[in-house]
Amino acid sequence: MTKEEADNGRDDMVIDVPGQANAVPDGFNANYLRIYYGKLFPHADMFKWMSYGNDGKHPGCDKSYFGRREFSFTLENDIYIRFQSFNSVTELENSIKEKCPFKIDIGPVYSVDPAKRHAYAQSGDNVFTPVERELVFDIDISDYDDVRYCCTGADVCLECWPLMTIAIKVIDTSLRDDFGFNHILWVYSGRRGVHCWVCDGKARRLTNEQRAAIADYFHVYKGNENSQKKISLPGLVLHPFLARSYTEVLKGFFEAKLLPNQNLLASEERYEKILEMIPDASVASELRRRWQENKRASMSKDDINIVRWEQLKSILQSGKQKMQGLRRCVEEIVFSYTYPRLDMEVSRHMNHLLKAPFCVHPKTGRVCVPIDPNNCDEFDPTTVPTLSQLLEELNRGGLRQDAENEWDRTSLGESVAFFRTSFLQPLLKSCKEEIENSYNAKLQQSKNDLSW
Amino acid sequence: MEVVQSHRKSSSNNVIVSILPLYRSAPPLEVRLEDFEFFAIDRLRVLKGISDGLCRGKKPEEMEKLVLDLWKANMRHPQAVEEVNKDIISHFVLRLVYCRTEELRKWFLSMETTLFRHRFRWGSSEAQRALMSEFKLPYKAVSNAEFESLKDKLGQVARSMGQTLAAADAIFYKVPFEEVPDLVAGRRVFIHKGHAYVAINQVVSLVVTQFRSYLSKALILTNRKWTSTIREQEKDRLTPIVEALCTSYLGPDYSQQQEFGEISIKDIDQVAKTSFPLCMRHLFEKVKEDHHLKHGGRMQLGLFLKGVGLKLDDALAFWKAEFAPKVSAERFDKEYAYNIRHNYGREGKRTDYTPYSCQKIISVTPGIGDHHGCPYRHFSEENLRAALVRMGVSSRAVEDVMDKVHNRHYQLACTLTFEAVHGSSCDAGINHPNQYFIDSQRVLQSKNGSVA
């Protein structure tokens, strides 16, 4: 460790502070990771999660369950190894500590231990095939590049991050209220997006077709740079899911935050994009004319974007508009800027591998920490703990004999605690109940079979 | 089902109750060997006609009429019992024909399900209810009380689809959402806490899902029986008929490039300008422009190039060179080379993948950042017109093409484009991008006496 100051924006790291010696330069490398996996990565919690209650304590447990789960590791030098499986928490932990993967992905639970897959056929009775897998979603802010002007590509800031926040709100509410799921984990992807893991038993057992159906239910934003109309909301009214998303989340966010912060109507280049979405050319021309005249002077003290938006709404929503396509135009504009843009392919197939929570992102050094959907407005991706920061915090604590719960002395403690109390414990409780009920049902069944 | 060589016994005395058979099991009928083949061919005409209609993007009402006409033309018989027998026999024969590979099964499953769906819909409501109970669908009608409490939401869903909630529609079924994936996918039902509320007229979806699921499993079983016993047992009698039935109707798959031999990497630029269909031109232009393509695009273009005659080494060189500004040679070898070799059957299970047909390409929906799929379907009008002009299509021809596009006849649009660009007619119509290429090369060769 050198005396260089860590690039974490921590002003207390000036000269003469006793903790100077603990400074850990920013970075991502095998040495740092080794310590991270040695002291901070929550192996036991990941094991408990992935076991879904099959810890062998109840006679109804499936002892083979954990061993049938695929993990994949990306090692230093981009070496990628698939079909890793483990039979116990110790095996999992030792393998991670030994191999020090730069990235860990979680795959499905297969019909048999992936290590033995070559002994099984691709079809027929004895197959090697996925049998369970969480329902997962992946939202990446670079898919919103056409509606954010503050950043592009891999960058993210507090102006555009709220797009992720509202995506979480829309999807999370629907997963719970519409689909009835309860055990949902949202995770920061480490750089520019979020992942969602739906872990209810029902979700894990969904077929590919059912997953595709759910993805399609959420699929509203359709299109890429070649197509023009990316959101189409036909029909006299919106489906209750869309209506709720609009009134509870999207409208408010668009009008109060996105519109003024991204200056969506302030300049010609930007307002043209919105005018393009109005199917009636005469309405668009009318607005264009007004805004071109108004370029320099602004009549009121209000933000110019908000003023112009009100003008647009009042023309489109006035009773005079008879044209079919205009009915939902305002909503279409709001949706096309704010509605969640999911990566459909991630959700459709059981065998899709997704990065494990609590990994560290190689390019940013940030840990993939859980996000509380009930408090997602508070989440700030720019203050998520980084690898070097955590190591520094460990250093400051000094050496300890017991190696348990080291994360408590670091910023990671909060995330692990949240993971346990809000997600893991309720999930395991529910899994235990499921195992018990299923076991009792089988007992009952065999009793019935034996009876005359 | 027994196949007899010569005479035909009259069929069993079983009275068939529902006119729409579920094909649960092969019936105890005897069939003449000629009928074995003829019945199958007639049914195949129906299925092929359905496939064609779907491919040309026909709307649901058009499909309804098409299926009815096809059935009347090929499967009708004055005696109901005879018609049902032909129906059942032809279905089971085609099961043998189409069980043998994953791709065949997928096609057969898709066409039979479509056929079933239409036949179910044109049945009477008693027939429909009878079929529902045969499927033993354990879903209950929603109670009046629950209906009253949900009436608003249910009405909203109906209106979002341009329908109204008449009093007669007050019968709803409550089913777990995963039982009705197509309704969920299209947001055509109200979902709450994991339950979908299905209107009586949507019950079709419930039934069709059951049918599809059953047939899918049955096909796998049939395949097993075929490979283990039937094929060998019947090698002098049925097997040759079964094998011939399949290949005579699916057309060439362009996996072996025969006619023009190989093309090398230096020819590609030239032939791309003259002989690529629009979908491949677009991908080709994009890869040159962006020095990257996402997975869907790489597959579609890569397999097409293979079909066109590009050898593996040249393919590797091509992609590597195009990606070079963004991807280092090392990274290319690590991340992309494997998949290219996989496409050529040199890795993994060594399947030699076949280039995608128009049907397949049209069915795909490109996402954000994608450039694959059928441009006639996905491009905005403006972009499509510009692309056609760049291809050298005259303005009058562009109008004809756009007319086809508006009517969703994407392959006809491509055919017209071909005709406009080459100045010669294409009577067979375009069904496959590689066919476009070959036909184009033929025309050019006959004009210039040279290739490209």
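As annotated in an unreviewed UniProt entry, chain B is Probable DNA primase large subunit from Gossypium hirsutum. Per UniProt, chain B carries the Sequence similarities (unreviewed entry) text "Belongs to the eukaryotic-type primase large subunit family." Recorded in UniProt under Cofactor (unreviewed entry), the annotation for chain B is "[4Fe-4S] cluster".

The name that an unreviewed UniProt entry assigns to chain A is DNA primase, with the source organism given as Gossypium darwinii. For chain A, the Sequence similarities (unreviewed entry) comment in UniProt is given as "Belongs to the eukaryotic-type primase small subunit family."

Draft legend 1. Quick look at the overall build of chain B. Tallying secondary structure elements over chain B gives 21 helices and six strands in all. Expressed as a percentage of contacts within chain B between residues at least 6 apart in sequence, the contacts between residues at least 24 apart total 69%. Of the accessible surface of chain B, which amounts to about 21800 Å², a share of 51% is contributed by carbon and sulfur atoms.

Draft legend 2. Summary view of the pairing of strand 5 (residues 135–140) of chain A. In terms of residue burial, strand 5 of chain A counts as a mostly covered element, since six of its six residues are buried. Along strand 5 of chain A, one buried face is formed by Leu-135, Phe-137 and Ile-139 of chain A and the opposite face, lined by Val-136, Asp-138 and Asp-140 of chain A, is buried too.

Draft legend 3. Geometry of the interface of chain A and chain B. Of the residues lining the interface, 40 residues belong to chain A; the matching set on chain B comes to 34 residues. Carbon and sulfur atoms make up 56% of the area that chain A and chain B hide from each other, which totals about 3000 Å². At the boundary of chain A and chain B, one finds three salt bridges. At the junction of chain A with chain B, the criterion picks out ten residue pairs in polar contact (both at pLDDT 80 or more). It is helix 6 (residues 208–218) of chain A that contributes the most residues to the side of chain A that touches chain B, seven residues altogether. Per-class residue counts for the side of chain A that touches chain B are 17 nonpolar, twelve polar and eleven charged.

Draft legend 4. Structural detail: helix 1 (residues 30–40) of chain A. Residues and elements named next belong to chain A. Along helix 1, the positions that sit buried rather than exposed are Ala-30, Tyr-32, Leu-33, Tyr-36, Tyr-37 and Leu-40. Buried residues of helix 1 fall within an arc of 155 degrees about the axis and therefore sit on the same side. On its buried face, helix 1 sits against helix 2 (43–51), helix 3 (89–99), strand 3 (103–110), helix 13 (387–397) and helix 14 (412–450). The N-cap residue of helix 1 is Asn-29: its side-chain oxygen and the backbone nitrogen of Asn-31 are 3.0 Å apart.

Draft legend 5. Structural detail: empty space enclosed by the protein. All names here are of chain B. For the coordinates displayed, the defined rule picks out five cavities of 30 Å³ or more. By volume, the largest cavity is sized at about 140 Å³. Taken together, 14 residues make up the lining of the largest cavity; nearest its centre are Arg-298, Trp-319, Asn-339, Ile-340 and Asn-343. Broken down by secondary-structure element, the contributors of at least two residues to the lining of the largest cavity are helix 12 (295–308), helix 13 (312–323) and helix 15 (337–343). Here the element with the most residues in the lining of the largest cavity is helix 12; it accounts for five residues. The class makeup of the residues in the lining of the largest cavity is nine nonpolar, four polar and one charged. If you go around the second largest cavity, you meet 14 residues; those closest to its centre are Cys-279, Cys-358, Cys-374, Tyr-376 and Cys-414. Those elements giving two or more residues to the lining of the second largest cavity turn out to be helix 11 (278–290), helix 16 (358–363), helix 17 (375–378) and helix 20 (410–422).

Draft legend 6. The environment of Arg-212 of chain B, seen in detail. Residues and elements named next belong to chain B. Examined against the element boundaries, Arg-212 turns out to sit in helix 8 (residues 203–233). Spatially, the C-alpha atom of Arg-212 lies 9.5 Å from that of Thr-114, the residues being 98 residues apart in sequence. Discounting chain neighbours no more than four positions away, the residues touching Arg-212 are Leu-109, Ser-110 and Thr-113.

Draft legend 7. How the structure looks around the confidence of the model for chain B. All names here are of chain B. Chain-level statistics for chain B give a pLDDT mean of 83 and a share of 87% at 70 or above. Mean pLDDT across the elements of chain B ranges from a minimum in strand 1 (residues 2–4), with 41, to a maximum in strand 5 (residues 190–192), with 96. For this predicted complex, the interface confidence reaches an ipTM of 0.88, while the overall pTM sits at 0.68.

Draft legend 8. Fine view of the nonpolar core. Residue and element names in this part refer to chain A. Grouped together as the largest cluster of nonpolar side chains are 192 residues, with contacts concentrated most on Tyr-36, Trp-49, Leu-175, Phe-181 and Phe-218. No other element matches the ten residues that helix 7 (residues 240–261) contributes to this core. Ignoring anything within four residues of it in the chain, the contact list for Trp-49 reads Glu-134, Leu-185, Trp-197, Cys-199, Pro-357, Phe-419, Phe-423, Leu-424 and Leu-427.

Draft legend 9. Inspection of the pattern of salt bridges at higher detail. Residues and elements named next belong to chain A. Scanning all chains against the criterion turns up 56 salt bridges over all chains. For Arg-68, the salt bridge is made with Asp-62, and the minimal N-O distance between the two is 2.6 Å. Between Glu-132 and Arg-204 there is a salt bridge, with the nearest N and O atoms lying 2.9 Å from each other. With Glu-132 in strand 4 (residues 130–132) and Arg-204 in helix 5 (residues 201–204), the pair connects residues that are 72 residues apart, well separated along the chain. Across the pair, Arg-204 and Glu-132 agree in class, each one buried.

Draft legend 10. Summary view of the state of the cysteines. Within this structure, the stated rule accounts for zero disulfides over all chains. We note that Cys-431 of chain A lacks a disulfide partner, and the nearest cysteine sulfur, in Cys-199 of chain A, lies 8.7 Å from it. Looking at Cys-431 of chain A, the relative accessible area reads 5%, which means it is buried. Its sulfur unpaired, Cys-414 of chain B is 6.0 Å from the next cysteine sulfur, which belongs to Cys-358 of chain B.

Draft legend 11. Focus on the sheet that holds strand 9 (residues 370–371) of chain A. Residues and elements named next belong to chain A. Sheet architecture is open: four strands sit in the order 5-7-6-9, paired in antiparallel fashion. Every interior strand has two partners, whereas the edge strands, strand 5 and strand 9, have only one. Taken together, the two bridges between strand 6 (residues 184–188) and strand 9 define a ladder with antiparallel strand orientation. By the bridge assignment, Trp-186 is partnered in strand 9 with Ile-371. Its contacts with the sheet place helix 4 (residues 162–178) against strand 5, strand 6, strand 7 (193–198) and strand 9, and it is angled at close to 165 degrees to strand 6.

Draft legend 12. Summary view of the packing of aromatic side chains. Tallied over the full model, the rule gives 52 aromatic pairs over all chains. Ring geometry for Trp-161 of chain A against Tyr-188 of chain A: centres 5.6 Å apart, planes inclined by 80 degrees, an arrangement best described as edge-to-face. Within this pair, whereas Trp-161 of chain A is found in the loop between strand 5 and helix 4, its partner Tyr-188 of chain A is found in strand 6, the two being separated by 27 residues in sequence. In this structure Trp-161 of chain A comes out as buried when scored by relative accessible area, which is 3%. Aromatic side chains Phe-323 of chain B and Tyr-336 of chain B sit 5.1 Å apart centroid to centroid with 90 degrees between the ring planes, which places their arrangement in the edge-to-face category. Residue Phe-323 of chain B is found in helix 13, and its partner Tyr-336 of chain B is found in the loop between helix 14 (329–335) and helix 15; the two are separated by 13 residues along the sequence. Taking the relative accessible area as the measure of exposure, Tyr-336 of chain B reaches 8% and is therefore buried. Each residue in the set Phe-276, Phe-284, Phe-304, Phe-318, Trp-319, Phe-323, Phe-332, Tyr-336 and Phe-437 of chain B is aromatic and connected to the rest through ring pairs, giving one cluster.

Basis of the calculations
- Residues numbered from 1 in each chain as written.
- Chains lettered and ligands numbered in written order.
- Predicted model: local features only at pLDDT ≥ 70, side-chain atom pairs only at ≥ 80, totals over all residues.
- Heavy atoms only, no water.
- UniProt positions renumbered as here; feature names shortened; annotations may be inferred.
- Helix = DSSP H or I, 4+ residues; strand = E, 2+ residues; numbered from the N terminus.
- Contact = heavy atoms within 4.5 Å.
- Areas by Shrake-Rupley, 256 points an atom, 1.4 Å probe, with all protein chains shown as cover.
- Buried < 20%, exposed > 50% of the residue type's maximum accessible area, 1.4 Å probe, protein only.
- Buried area = accessible area lost by both parts, 1.4 Å probe.
- Salt bridge = Lys/Arg side-chain N within 4 Å of Asp/Glu carboxyl O.
- Polar contact = N/O pair within 3.5 Å; in protein donor to acceptor, adjacent residues only side chain to side chain.
- Nonpolar A, V, L, I, M, F, W, Y, C, P; charged D, E, K, R; others polar.
- Arc of directions from axis to C-beta.
- 1 Å grid on protein atoms, 1.4 Å probe; cavity = no way out; pocket = protein on both sides within 12 Å on 5 of 7 lines; lining within 4 Å.
- Points joined across faces, edges and corners; volume = space filled by probe spheres on them.
- pLDDT = per-residue confidence, 0-100.
- Core = buried A, V, L, I, M, F, W, Y, C linked by side-chain atoms within 4.5 Å.
- Disulfide = S-S within 2.5 Å.
- Pairing = 2+ DSSP bridges.
- Axes fitted to C-alpha atoms, helices over the stretch in contact; angles between N-to-C directions.
- Phe/Tyr/Trp six-rings, centres within 6.5 Å; stacked < 30°, edge-to-face > 60°.

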